[in-house]
Amino acid sequence: MSAKKREDHISWDEYFMGVAVLSAMRSKDPNTQVGACIVSEDNKIIGVGYNGFPIGCSDDELPWDREGDWKDTKYPYVCHAELNAILNAASPSLLKNSKLYVALFPCNECTKAIIQAGIKKIIYLSDKYKDTDATKVSKRMLDAAGVVYERLEVNRKSITLSLEA
């Protein structure tokens, strides 16, 4: 009698989203942790990233605040997970026709970089900002550029991330 292969393994989408979620855990942002994983057409990881300050900028000296004078909030300083994953890619040429797995739907600024990099599909977990102008603009650009986006329905407890902050 021979053993049969395991049938309850995770899918490629679950695997790569798991990498994105694990990457998010590196973020030092006290409110929102986002991770991203870019994958080639043949299911090889090209780049990963998470939201945080640029290399060389102290996360002890720059602000993490969400409100107040713009220059005294985190927003002008933080690099988003998607941009970091693009910048961390093994080679820019590998990004063409790739897929991006990300915990939170991309903002309009990251969307421009995603399109320019040649990424053709976005798989995301949360679209909690779907009613904001930034997300509406993102979707308009993605539609215009022919980039496909879809929400990953996750039924496993192993792939969870709180994006409620």
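Enquirer: Residues and numbers for the overall build of the protein, please.
Expert: Helix and strand counts for the protein stand at four helices and five strands. Secondary structure elements of the protein, listed N to C terminal, follow the sequence α-β-β-α-β-α-β-α-β. Here the C-alpha atoms of the protein give a radius of gyration of 17 Å, agreeing with the 15 Å that 2.2 N^0.38 yields for 165 residues. Summarising its shape, the C-alpha atoms of the protein cover approximately 70 × 35 × 30 Å along the three principal directions. Put simply, 63% of the contacts in the protein that link residues at least 6 apart link residues at least 24 apart.

Enquirer: Any chance you could break down the pairing of strand β2 (residues 45-50) for me, citing the residues and the numbers?
Expert: Summarising the sheet, strand β1 (residues 35-39) and β2 pair through five bridges and their orientation is antiparallel. Residue I38 lies in a different strand from β2, and its bridge partner there is G47. In textbook terms, the turn of a hairpin is the stretch between consecutive antiparallel strands, and for β1 and β2 this stretch comprises five residues, one of which, N43, has a positive phi near 60°.

Enquirer: Tell me what's going on with a nonpolar patch on the surface, and back it up with residues and numbers.
Expert: Together, I10, W12, Y15, I45 and V48 make up a nonpolar patch on the protein surface, roughly 460 Å² of accessible area in all. Of all elements in the fold, only α1 (12-24) and β2 reach the threshold of two or more residues within the nonpolar patch. With respect to the secondary-structure elements, I10 resides in the segment before α1.

Enquirer: So what's going on with the state of the cysteines? Which residues, and what values?
Expert: Joining two cysteines, a disulfide is a covalent bond between their sulfur atoms. A complete count under the given rule lists zero disulfides for this structure. There is no disulfide at C79, and the cysteine sulfur nearest it, in C57, is 8.3 Å away. C79 gets classed as buried once you look at its relative accessible area, which sits at 17%.

Enquirer: Lay out the sheet that holds β2 with the relevant residues and their values.
Expert: Across a sheet, strands are paired by hydrogen bonds formed along the backbone, either parallel or antiparallel in direction. Read from one edge of the open sheet, five strands run β2-β1-β3-β4-β5, paired in mixed fashion. The sheet is open, and its two borders are formed by β2 and β5 (148-151), each paired with just one other strand. For this sheet the average axis-to-axis angle between neighbouring strands, irrespective of direction, equals 15°. As paired elements, β1 and strand β3 (residues 99-104) share four bridges and run antiparallel to each other. In the strand pairing of β3, A36 is matched with V102. Across the face of the sheet, α1 comes into contact with β1, β2, β3 and β4 (121-126) while running at roughly 140° to β1.

Enquirer: Before we move on, can you summarise helix α4 (residues 133-145) with the specific residues and values?
Expert: Here α4 contains 13 residues, and its C-alpha end-to-end distance of 18 Å stays within 8% of the 18 Å for a straight helix at 1.5 Å per residue. Of the residues making up α4, those classed as buried are T135, S138 and L142. Buried positions in α4, seen along its axis, are confined to an arc of 55° and lie on one side of it. α4 presents D133, R140, D143 and A144 as exposed residues on the side facing more than 90 degrees away from its buried surface. The secondary structure elements touched by the buried residues of α4 are α3 (108-117), β4 and β5. In the stretch just after α4, G146 is the one whose phi turns positive, near 75°.

How each quantity is defined
Residues numbered from 1 in each chain as written. Predicted model: local features only at pLDDT ≥ 70, side-chain atom pairs only at ≥ 80, totals over all residues. Heavy atoms only, no water. Helix = DSSP H or I, 4+ residues; strand = E, 2+ residues; numbered from the N terminus. Rg over C-alpha atoms; globule rule 2.2 N^0.38 Å. Contact = heavy atoms within 4.5 Å. Pairing = 2+ DSSP bridges. Patch = residues over 30% accessible without salt bridge, like charges linked within 9 Å, V, L, I, M, F, W, Y side chains within 5 Å. Areas by Shrake-Rupley, 256 points an atom, 1.4 Å probe, with all protein chains shown as cover. Salt bridge = Lys/Arg side-chain N within 4 Å of Asp/Glu carboxyl O. Disulfide = S-S within 2.5 Å. Buried < 20%, exposed > 50% of the residue type's maximum accessible area, 1.4 Å probe, protein only. Axes fitted to C-alpha atoms, helices over the stretch in contact; angles between N-to-C directions. Expected span 1.5 Å × (residues − 1). Arc of directions from axis to C-beta.

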